[in-house]
Amino acid sequence: MGRYATLGDVAGKRVLVRSDLNVPLDGDQITDDGRIRASVPTIRELSEAGARVVVTAHLGRPTGAPDAAYSLRPVAARLGELLGREVAFAEDTVGDSARAVVDGLADGDVAVLENVRFNARETSKDETERGAFADELAALADAFVSDGFGVVHRKQASVYDVAQRLPHAMGGLVATEIEVLQRLTRDPQRPYVVVLGGSKVSDKLAVIDNLLGKADTLLIGGGMVFTFLAAEGHEVGNSLLEQDQVETCREYLERSRESGVEIVLPTDVLVAPEFKADAPPTTVAVDAIPSDQIGLDIGPDSAAAFAERIAGATTVFWNGPMGVFEFDAFAGGTRAVAQALTEVDGLSVVGGGDSAAAVRRLGFADDAFGHISTGGGASLEYLEGKELPGITVLED
């Protein structure tokens, strides 16, 4: 229990753990339990030390009221399977059920509270409202462990305010995430290659801005690449395009030339007449995209070139798929990048979110990579140089 030394002996104590259990569901079936599995070590360690573990987490984006579609009940059941023990479930966040379940815990027991976002005060911008909810959460526990990295960039009651009210510590998952991100930002081993994809370039602008002074090479794919291609003067057809960001992309391309940080764009793309899984793909050069076609993946030549750049790196960070990986015909670029990351002789980091979902969907094992982050948004904000409220509140 060295990581939680500041909490003292936790045996018999009620420890509130903020986990990230925000997993995709198909009805009540979990389609990717990666975040649950990542949360298990901290919960198990506390349980085996005799703590009475009370897990709070969110799922999806409910509107501040109970919604059966976002219940954590199936998540609690899966957590119990992974822990190999029964996990109690409270049907509310801080009400009668939560108090009764917590009161009924014995040393080493684990309970999960219902979706914390069923209470509108969790995400309130009003500090008084948020603080009142944090008071009620804190009343359920003697100590707090922050282990939900996917939410540490949010100033929310169960992430930020409750830490101000209880003795607190950083969980193992969050500690590992921060250690990896520090390796990416403070003194990365070179060559340092960053791969960015996903749909919107606007989601990555601050990251690109910050990394132009830190990385050696930026490889750009996904839907966001078409705004860069438009900045180079290319026709992009019906592809995703953020017209208001074209000039910014043009400025980044110019800055990269001046700074010596190389921005590498695809030389070919896969296009189709429609955004459909069975749409027939055609490979075209980036300067020959038909006006009536939509780009859905980087092309095979680009995939090979990206893989070669990755293979020559010592440090690689990847966030965002190279194409519509959910469609088999347009998953080739993402698969090539993922495969290249598994062969890196150094640190390879998959930056959470859709990238983590993609590698699992495409059949890659988690341990094939140096690290798979559980927080795409939190990882990006850290790489932007922003302070994460859920981390700073722990550092008093």
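Sequence positions are assigned chain by chain, starting from 1 and proceeding in written order. Reporting of local features is limited, given that this is a predicted model, to residues whose pLDDT is at least 70; pairs of side-chain atoms are given and counted only at 80 or more, and all residues count toward the totals for whole chains, interfaces and linings. Excluding hydrogens and water, the side-chain figures rest on all heavy atoms present in the structure.

(A) Layout of the pairing of strand β10 (residues 217–220). The buried label goes to any residue with under 20% of its type's maximum accessible area, the exposed label to any with over 50%, and the partly exposed label to all in between, with areas taken from a 1.4 Å probe on protein chains only. In this description a helix means any DSSP run of H or I spanning at least four residues, a strand means any run of E spanning at least two, and both kinds are numbered starting from the N terminus. Neither face of β10 is open: one carries T217 and L219, the other L218 and I220, and all of them are buried. The sheet contact formed by strand β9 (residues 192–196) and β10 spans four bridges and is parallel. If you follow V193 over to β10, its bridge partner there is T217. What joins β9 to β10 is helix α7 (residues 205–211), and the crossover it makes is right-handed. Any two strands with at least two DSSP bridges between them are considered paired. Strand direction decides the pairing type here: β10 and strand β11 (residues 262–264), joined by three bridges, are parallel. Residue pairing for β11: L219 is matched across the bridge by V264. A clockwise path from the first strand over the helix to the second, with the strands pointing away from the viewer, defines a right-handed crossover.

(B) Layout of unusual backbone geometry. The omega torsion of the bond from R190 to P191 falls at 5°, within 30 degrees of zero and hence cis. Mapped onto the fold, P191 is located in the loop between α6 (172–185) and β9.

(C) Expanded view of helix α9 (residues 246–259). By definition here, a helix of n residues has an expected span of 1.5 Å times n minus one. Here α9 contains 14 residues, and its C-alpha end-to-end distance of 20 Å stays within 8% of the 20 Å for a straight helix at 1.5 Å per residue. Residues of α9 that are buried include every one of V246, C249, Y252, L253 and S256, and no others. The buried side chains of α9 occupy one side of the element, clustering within an arc of 115° when seen end-on. Whether two residues are in contact is decided by their heavy atoms, any of which lying within 4.5 Å being enough. Looking at the buried residues of α9, the elements they touch are α7, α8 (225–231) and β11. Directions are taken from the helix axis to each C-beta atom, and the arc is the one they span.

(D) Just the sheet that holds strand β14 (residues 294–298), in detail. Strand order in the open sheet formed by three strands is β13-β12-β14, and the pairing between neighbours is antiparallel. Every other strand in the sheet has two partners, leaving β13 (282–285) and β14 as the edge strands with one partner each. The average angle at which neighbouring strand axes cross in this sheet is 45°, direction not considered. Every axis in this analysis is a line fitted to C-alpha atoms, fitted for helices over the stretch in contact. Angles between the N-to-C directions lie between 0 and 180 degrees.

(E) Structural view of the pairing of β9. Along β9, five of the five residues are buried, which leaves the element largely enclosed by surrounding structure. Burial along β9 is two-sided: Y192, V194 and L196 facing one way and V193 and V195 facing the other are all buried. Relative to strand β15 (residues 315–319), β9 runs parallel, the two being bridged by five bridges. Within the sheet, the bridge partner assigned to V193 lies in β15 and is V316.

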